[in-house]
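Residue strings, one per chain:
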Amino acid sequence: MSRSEIRVRFAPSPTGYPHLGNIRTALFNWLFARHHGGKFILRIEDTDVARKVEGAVENITESLKWLGLDWDEGPYFQSQRLPLYQEIARKLIDQGHAYLCYCSPHRLEEMRQEQIRRKQPPKYDRHCRELTVQQRAQLEASGVTPVVRFKTPLDGETSLHDLIRAKVTFQNDTLDDFILLKSDGYPTYHLANVVDDHLMAISHVLRADEWLSSTPRHILLYQALDWQPPQFAHLPMILGPDRAKLSKRHGATNIVDYQKQGLLPEAMINFLSLLGWSLDDKTELLSREELIKHFTLERVGKTAAIFNKDKLDWMNGVYLRRFTPEQFALQAIPFLQRDLPSSVKRPLDDTYISIIMPLIQERARTLGDVPGLADFFFLDELEYDQSLLIKAMDAVSATKAIETSLESLKSLEAWNAVSVENILRPLATELGLTTSNFFALLRVAITGRTTSPPLFQTMAALGKERCLKRLNNALQKLNPKP
RNA sequence: GCCCUCAUCGUCUAGGGGACUAGGACGUCAGCCUUUCAAGCUGAAGACAGGGAUUCGAAUUCCCUUGAGGGCACCA
């Protein structure tokens, strides 16, 4: 791999399922790689044994696959590369850039509490930084397993030229001697991340803004190891509606949940791409190819964004309406299978579905809306309140209207939207009703609700038999048998 | 407490000194279309956090204040 090759990585830790923020980071890395013809690498940073979540790795790969964010290398697992980090840690100790620390978690915690109480920045007090040979031998003999700490320079400053934030400078004395290798032999994020980014020849690190503060540590590490650091680009964060960092408590954080809700990967990609990036002052709908073509870091913003589900749903509706009726039906079927009431017999009739789905398509924002919008097409018995039938007229008029309709429809041979309308529309005047009130009555009788797809198309789709049955049922509802 | 970052309509954003009476989108409201809903169309309300400075001229540059976010773990 040549020095100039663009290589980026998505490096999640399997301590939970990826949320919108994580995936947006993955997306920007992927777009950056694809735009430049570079490589997108997946690396699992599983160095926290205690917080490891079962199934997280699978969820991560599933999420990426669902969105079509294909990776060129990996997944690499840091847990399988332990000797590498240990060797580097050893080397840093030998070269005087790191040291063994024997402080107990208990002591560190007490120290921290005391510092906070005294309103001082909580920092390691470098207790073990300059231990004598005798002290070290004594601690070693006591059986304490040490950690390895980095010997952060006591003065000077460290800066980076972030591709998004420009030059950012930190005073070294605000940093402390952070841990490189934990007592269980696993590296911390700082060590593993730097080592792997170097070994994997990562050219650009595109990560969330929350990492900006630890970047000087990483730079210092690169310097100590005499390695060329990659280019950094810290992406603006995605915040929850409460303006706080996205976390479990913000509801549907797991990206796979959006799939379950019936969001389309195309819409997700499009929407996410616009969180922190824009093409111009107008364009909002962009295909995957267009995003790849136009994505550049120059057009990534600096301000954190609050994720707005309403807009995601709207955009998803746009994508849904773009489908051909066949595509839409195909996408909707799994949701119908899953969410239609259990009283509806499975498997569902594909032909019937293909007839009714066009009536649903422009009314759904997500595929998850479909079963709720279409259930009355499948139910044998409609459940609705009698009062809906007599909203605009009394029970006598309603009964007469339905009886008349029934009578006229009974003999209709060619059952379609036009023929049904031709029968019913004239009846309104005949009955002395406004079409609005008359059709509203029929709508309730036919669908069991006050809003639905266009009445005559709905009736055509339902078929003559179902419609007549429902009208009869409505009559019974209006005139209950004593 | 210390460090870092950020700051345009409720939300996502355009804007990189004069083209800004600040543009687009979601949402909201009104109207049209219409058998309801949806979609579509038209329109409306809605923002440069505050204060200094630089400049003939500042949303755009600089400083301060304020606000928001992030970081300060043997978590990533």
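Here is what the cut-offs are and how they apply
- Residues numbered from 1 in each chain as written.
- Chains lettered and ligands numbered in written order.
- Predicted model: local features only at pLDDT ≥ 70, side-chain atom pairs only at ≥ 80, totals over all residues.
- Heavy atoms only, no water.
- Salt bridge = Lys/Arg side-chain N within 4 Å of Asp/Glu carboxyl O.
- Helix = DSSP H or I, 4+ residues; strand = E, 2+ residues; numbered from the N terminus.
- Domains from an automatic or database assignment.
- Contact = heavy atoms within 4.5 Å.
- Buried area = accessible area lost by both parts, 1.4 Å probe.
- Polar contact = N/O pair within 3.5 Å; in protein donor to acceptor, adjacent residues only side chain to side chain.
- Nonpolar A, V, L, I, M, F, W, Y, C, P; charged D, E, K, R; others polar.
- Axes fitted to C-alpha atoms, helices over the stretch in contact; angles between N-to-C directions.
- Parallel < 35°, antiparallel > 145°, perpendicular 65-115°, else oblique.
- Near = heavy atom within 4 Å.
- Buried < 20%, exposed > 50% of the residue type's maximum accessible area, 1.4 Å probe, protein only.

Participant: Would you mind going over the pattern of salt bridges with me for this structure?
Facilitator: Think of it this way: side chains of opposite charge can pair up when their charged atoms draw near. Applying the stated criterion across every chain yields a total of 28 salt bridges. For the salt bridge of Arg34 with Asp70, the shortest nitrogen-to-oxygen distance reads 3.6 Å. One end of the pair, Arg34, is in helix α1 (residues 20-36); the other, Asp70, is in the loop between α2 (56-67) and β3 (73-77), with 36 residues separating them in the sequence. The partner of Arg43 in a salt bridge is Glu45, with the nearest N and O atoms 2.9 Å apart. Connected through shared salt-bridge partners, Arg9, Arg43, Glu45, Arg81, Asp196 and Asp197 make up one network.

Participant: Sorry if this is basic, but what is going on with the domain arrangement of chain A here?
Facilitator: Frequently, the measure chosen for interface size is the accessible area removed from exposure when the parts meet. Here chain A is partitioned into domain 1 (248-318), domain 2 (323-378) and domain 3 (386-478). A C-alpha centroid distance of 24 Å is found between domain 2 and domain 3. Tallying the contact residues gives 11 residues for domain 2 and 11 residues for domain 3. Across the domain 2 to domain 3 interface the summed buried area is about 900 Å²; carbon plus sulfur atoms make up 63%. The interface formed by domain 2 and domain 3 holds 1 salt bridge in total. Asp375 is the partner of Arg449 in a salt bridge, and the nearest nitrogen-oxygen pair spans 2.5 Å. Applying the counting criterion to the domain 2 and domain 3 interface returns 3 residue pairs in polar contact (both at pLDDT 80 or more). The residue makeup of the side of domain 2 that touches domain 3, split by class, is 8 nonpolar, 1 polar and 2 charged.

Participant: Quick question: what am I supposed to make of the packing of helix α13 (residues 350-361) against helix α18 (residues 455-462) here?
Facilitator: Geometrically, a packed helix pair is captured by the angle between its two axes and the distance between the axes. Where α13 meets α18, the closest approach of the two axes is 10 Å, and the angle between their N-to-C directions is 170 degrees. Taken together, the axes of α13 and α18 are roughly antiparallel relative to one another. Every residue of α18 that contacts α13 at Tyr352, Ile355, Ile356 and Leu359 is listed here: Gln457, Thr458, Ala461 and Leu462. Class assignment of the residues belonging to the contact of α13 with α18 gives a composition of 6 nonpolar, 2 polar and no charged.

Participant: What is the right way to read the protein's contact with RNA strand B from this model?
Facilitator: Close to RNA strand B lie 66 residues, the nearest being Lys182, Lys245, Glu284, Glu362 and Arg443. When atoms of RNA strand B within 4 Å of the protein are split into backbone and base, the sugar-phosphate part holds 71%. Between RNA strand B and Glu45, the relevant distance is 3.4 Å, taken from a sugar or linking oxygen to a side-chain nitrogen or oxygen of the residue. For RNA strand B, a phosphate oxygen lies 2.5 Å from a polar atom in the side chain of Lys182. Counting only elements with at least two residues in the surface near RNA strand B, the list comes to α4 (105-117), β5 (147-150), β7 (166-171), β12 (305-306), α11 (309-322), α17 (435-447) and α18. Top element by residues in the surface near RNA strand B is α11. It accounts for 4 residues. In the surface near RNA strand B, the residues fall into 26 nonpolar, 14 polar and 26 charged.

Participant: I keep staring at the environment of Ile446 and nothing clicks. Help me out?
Facilitator: Within the secondary structure, Ile446 is located in helix α17. Relative accessible area serves as the criterion here: at 0%, Ile446 is assigned to the buried category. As for Ile446 and Leu382, which are separated by 64 residues in sequence, their C-alpha atoms are 8.6 Å apart. Not counting residues within four places of it along the chain, the set of residues in contact with Ile446 comprises Leu382, Leu455, Thr458, Met459, Leu462, Cys467, Arg470 and Leu471.

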